[in-house]
Amino acid sequence: MLGHFSIYWGWDDQDRAWVYNSDDGRIWRWEQTGEGWQKIESRRNDGTPDWVLPDYAR
């Protein structure tokens, strides 16, 4: 069964891209390192900005 594919995303002032997938509740961020872009799974309490989350997930 397919979900709704609701994706919320944005850039922060440290040049990181944040993505919240409402289908599975996972939060990802991409950070540029010396080796290129690194994809990191995040948790709600490790600096995830509120603006990347929909109202019901804040």
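Calculation rules
Residue positions are given per chain, counting from 1 as you read along its sequence in written order. Totals for whole chains, interfaces and linings use all residues, but because this is a predicted model, local features are given only for residues with pLDDT of at least 70 and pairs of side-chain atoms are given and counted only at 80 or more. In computing side-chain values, all of the structure's heavy atoms are included and hydrogens and water are not. Secondary structure follows DSSP: runs of H or I at least 4 residues long count as helices, runs of E at least 2 residues long count as strands, and numbering of each begins at the N terminus. Think of a polar contact as two N or O atoms within 3.5 Å of one another; within protein, one of them needs to be a possible hydrogen donor and the other a possible acceptor, and neighboring residues in sequence only count if both atoms come from side chains. Here, a salt bridge means any side-chain nitrogen of Lys or Arg that lies within 4 Å of a carboxyl oxygen of Asp or Glu. Accessible area is worked out with a 1.4 Å probe on protein chains only. A residue is then buried under 20% of its type maximum, exposed over 50%, and partly exposed in between.

Chemist: I keep staring at the environment of Asp24 and nothing clicks. Help me out?
Modeler: Mapping Asp24 onto the fold places it in the loop between β2 (17-21) and β3 (26-33). Once the C-alpha coordinates of Asp24 and Ser6 are considered, the two residues, 18 residues apart in sequence, prove to be 9.7 Å apart. Of note is the side chain of Asp24, whose polar atom sits 2.9 Å from the backbone nitrogen of Arg26.

Chemist: What is the right way to read the pattern of salt bridges from this model?
Modeler: Two side chains bearing opposite charge may form a pair once their charged atoms approach each other closely. In total, this model carries eight salt bridges according to the counting rule given. Across the pair Arg29 and Glu31 runs a salt bridge whose closest N-O atoms are separated by 2.6 Å. Taking relative accessible area as the criterion, Arg29 reaches 13% and is therefore assigned buried. Close ionic contact of Asp55 with Arg58 constitutes a salt bridge, the shortest N to O distance being 3.0 Å. What makes Asp55 exposed here is its relative accessible area of 63%. Connected through salt bridges with shared partners, the residues Asp12, Arg16, Arg29, Glu31 and Asp46 form a single ionic network.

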